[in-house]
Amino acid sequence: MKHFYSAATNIFTINGAEAILYSRLSGRTLPVSPPWADEHNSIIGEPSTHISRRSRSKKTLVPSEKTTTVQRENYSSVYSEETLDDEMHRRFLAWQEIAYFYLGYLRYWIKNQTLNGKSHQIEIAEPLSKLTSSQADSLSKIIADKTKVSSAYIESLIYSIHDKAQASLHAVRPKELPLARGAYPLGGKDRAFCALTFMFPFVYYELVVRRNKLSTVLSKLTNLFSKSLFDYEPAINVEDWDEEDSNLFIHEILITPDLAENTNHSRLSQFSTLLNFNRSKLDLWTEVYFPVSQSGELTTTNRHQVLGQQEFNLFIDAFKCDHSVQSDVTVSTIIFKILFYAGLRPGELARLTLGDISTHSEEEILIRVRRFKTPASRRIIPLHLLAPPEVCLEIFEYISQRLSLFSKLKMTRAFGKERRPSEARENLLYIADVSDEQAQFLRTFPLFSNAEKVTRIAREEMKLILGEGADLYLLRHSYATHMFLRWYAMRYPDVINQLRDRNEWFYSNEAMTLQRHIYRHGSLVNHSKETDMVHLMKSMGHRFVDTFFAVYCHSYFVVYNHVQKKYMAQRGWENLPVSTGFIQANIPKMKSRTTISQIKEKSLVGVLEFFQSKET
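Every value quoted in this text rests on a predicted model; they were computed, and no experiment measured them.

> Lay out the packing of aromatic side chains with the relevant residues and their values.
Inspection of every chain in the model, using the stated rule, returns 36 aromatic pairs. Residues phenylalanine 312 and phenylalanine 340 carry aromatic rings whose centres are separated by 4.0 Å and whose planes lie at 5 degrees to one another, so their mutual orientation is stacked. Of this pair, phenylalanine 312 sits in helix 10 (residues 309-321) while phenylalanine 340 sits in helix 11 (residues 329-342); the two residues are 28 residues apart in sequence, bridging distant segments of the chain. Here phenylalanine 312 matches phenylalanine 340 in class, with each residue buried. Consider the rings of phenylalanine 340 and tyrosine 341, whose centres lie 4.9 Å apart with planes at 90 degrees: the pair is edge-to-face. The class of phenylalanine 340 is buried, set by a relative accessible area of 1%. When the ring centre of tyrosine 153 is taken as reference, the NZ or CZ atom of arginine 91 above it lies at 4.1 Å.

Below, the structure is given as structure tokens:
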């Protein structure tokens with residue numbers, strides 16, 4: 001009976017609800033909230049002056065706490081915005097060719113040594129060095145012809161991957177074993193870790209240290225690398241991955257609806273194994289982990305305690321009055337407000353320049369997000385349609401101050417080829433806290449000086465008010481949660497009465513009018529319009545809707561409960577039709593048509609009576 005009740009809750013939204021709601025309930029990653037969601041009544045409940053403190057479920061290092069001397073790729077100084085996408089994609093294709101070349105050889109090596117009875121004494125370091133030193137030159141030329149990337153760059157990339165992999169293999173090698181013979185560095189450029197770099201030590205660790213079977217290791221190679229990480233462009237640099245990067249990889253690449261549920265769960269479990277290996281052995285992905293629910297189920301996010309507009313305003317007021325805050329309060333609050341009302345990733349915010357902002361008054365502020373880690377991240381955000389007028393005015397005044405500094409700097413001079421600044425220019429550079437190179441163009445003049453530093457400080461200081469479980473990504477989750485809820489409230493305004501933010505601007509008549517403008521509805525809501533979720537998905541910079549609902553949307557339970565009550569009031573539940581396909585998909589041991597034919601009445605009450613008769 002427990003399987004029936006679990007399945008029955010899904011079908012309340014088949015009739016009389018938005019198509020997107022039922023499609024989410026039909027998915028494998030059901031976004032109905034877990035037991036601990038909204039436990040502090042941040043979404044549902046009466047208005048309150050209480051600020052909840054978010055606890056941190058697990059201690060992880062953040063990128064700012066790690067020291068690295070890795071030399072990053074610098075595209076901006078070489079390529080224009082128009083050619084950047086093409087060049088980055090061609091370099092990814094070159095890396096992908098290298099990755100599949102080494103993957104094929106790695107499979108051959110471990111299969112060959114297993115046939116010789118040495119699967120748990122396998123050596124990877126020596127054949128890796130021999131292969132790289134003998135094949136790097138010819139391989140780089142072949143790949144250069146296919147991808148139109150310079151062979152010198154490809155050869156340098158091959159050597160850097162080799163050297164990084166050798167260092168990682170040495171790190172995971174058991175101390176009781178002698179040093180690997182024939183393994184030596186090839187003088188590669190120090191680059192960031194990529195997925196190919198940790199493939200070699202991961203396989204070695206699985207076979208030699210954990211002594212897994214060859215079939216198990218080959219399965220992990222296929223599921224995690226082939227057609228997975230090697231087909232995902234951000235995998236070319238995994239060193240700065242955080243929880244969002246792993247969420248995008250899981251829902252856009254790793255898990256697919258074409259695979260069986262058990263297969264997807266197995267792939268998730270294998271990815272969790274890889275994640276734990278990288279964190280414990282290579283000090284990678286320290287910001288990426290799977291929180292585990294109270295029932296032991298694997299989930300993909302731990303930021304359930306989002307902020308509503310009322311609690312966010314309380315947080316801003318408390319932050320301004322907190323004497324332990326050492327940073328520039330004005331800059332930090334602008335950062336918080338842009339993230340909360342525009343839903344940017346912290347990394348996207350740190351890269352904003354004055355050239356990315358289009359505004360002439362607080363009544364129109366457009367934020368252009370350039371390509372971040374994936375092409376889908378490029379978008380334009382109409383902040384004036386998303387934030388209250390007073391917030392837009394505050395942000396506009398900050399932007400105006402930065403524009404004024406830029407204009408004054410343009411009127412000063414720099415001398416000689418070395419661009420020695422005049423005294424007036426040097427003073428303005430000091431005030432603006434930018435370099436001479438940054439001050440030359442709008443597209444290079446940062447919206448926030450020392451952006452990575454100030455966002456890091458803002459993240460740490462928000463914990464003073466919101467607790468250790470809060471970070472800047474929590475504001476992005478809050479944006480997504482309320483964007484979905486505001487979209488639903490635009491269509492069904494009666495849901496607003498149960499929300500904590502019912503008296504806030506988010507759900508005012510003015511905000512609802514702007515919502516209709518965002519989704520191109522005009523003066524009246526068009527309930528048959530099917531593109532709303534595309535607008536919502538693009539505002540987040542996602543390729544697919546799955547990531548939004550499975551990771552970011554923490555208000556789904558409000559909509560789900562509202563749809564249930566709406567349907568019950570209109571039709572009642574007893575005669576709700578239940579299709580054969582629904583029974584097969586949701587109720588165990590009810591797969592064949594012969595079994596299903598035993599249910600005489602294909603309705604909710606008919607299925608319930610059938611199960612009751614089976615138990616008596």
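Resuming the write-up.
> Please provide a residue-by-residue account of the pattern of salt bridges, values included.
Within this structure, the stated rule accounts for 20 salt bridges. A salt bridge links glutamate 126 to lysine 130; the nearest nitrogen and oxygen atoms lie 3.2 Å apart. With glutamate 126 and lysine 130 both in helix 4 (residues 125-147) and four residues apart, the pair spans about one turn of that helix. Residue lysine 337 pairs with glutamate 394 through a salt bridge whose shortest N-O separation is 2.4 Å. Separated by 57 residues along the polypeptide, lysine 337 in helix 11 and glutamate 394 in helix 13 (residues 389-410) bring together distant segments of the chain.

> If you had to explain the packing of helix 6 (residues 195-209) against helix 7 (residues 214-224) to someone new, which residues and values would you point to?
Remark: helix 6 packs on helix 7, axes separated minimally by 10 Å, with the N-to-C direction vectors making an angle of 155 degrees. In terms of orientation, helix 6 and helix 7 fall into the roughly antiparallel class. Two packed elements cross with a definite hand, and for helix 6 against helix 7 that hand is right-handed. Side by side, helix 6 and helix 7 meet where Met199, Phe202, Val203, Glu206 and Leu207 of the first sit next to Leu214, Val217, Lys220, Leu221 and Leu224 of the second.

Cut-off values and rules
Residue numbering note: each chain is counted from 1, following its sequence as written. Reporting of local features is limited, given that this is a predicted model, to residues whose pLDDT is at least 70; pairs of side-chain atoms are given and counted only at 80 or more, and all residues count toward the totals for whole chains, interfaces and linings. Neither water nor hydrogens contribute to the side-chain values; these are computed over all heavy atoms in the structure. Ring pairs shown here join Phe, Tyr and Trp side chains whose ring centres sit within 6.5 Å, with only the six-membered ring taken for Trp; geometry is labelled stacked below 30 degrees between planes, edge-to-face above 60, and tilted in between. We count a stretch as a helix when DSSP gives it H or I for four or more residues in a row; a strand needs E for two or more, and each element gets its number in order from the N terminus. For every residue, the accessible area obtained with a 1.4 Å probe (protein chains only) is divided by the maximum for its type, and the residue is called buried under 20%, exposed over 50%, and partly exposed between those limits. By definition here, charges over rings are those cases where NZ of Lys or CZ of Arg is within 6 Å of the ring centre and within 35 degrees of the ring normal. Here, a salt bridge means any Lys or Arg side-chain nitrogen found within 4 Å of an Asp or Glu carboxyl oxygen. Angles here are taken between N-to-C directions and fall from 0 to 180 degrees, while the axes themselves are lines fitted to C-alpha atoms, restricted in helices to the stretch in contact. Just so you know how the angles are binned, under 35 degrees is roughly parallel, over 145 roughly antiparallel, 65 to 115 roughly perpendicular, and the rest oblique. Handedness of a crossing follows from how the near helix is turned relative to the far one, being left-handed for an anticlockwise turn of less than a right angle and right-handed for a clockwise one. Only heavy atoms enter the contact rule, under which two residues are in contact if any of them lie within 4.5 Å.

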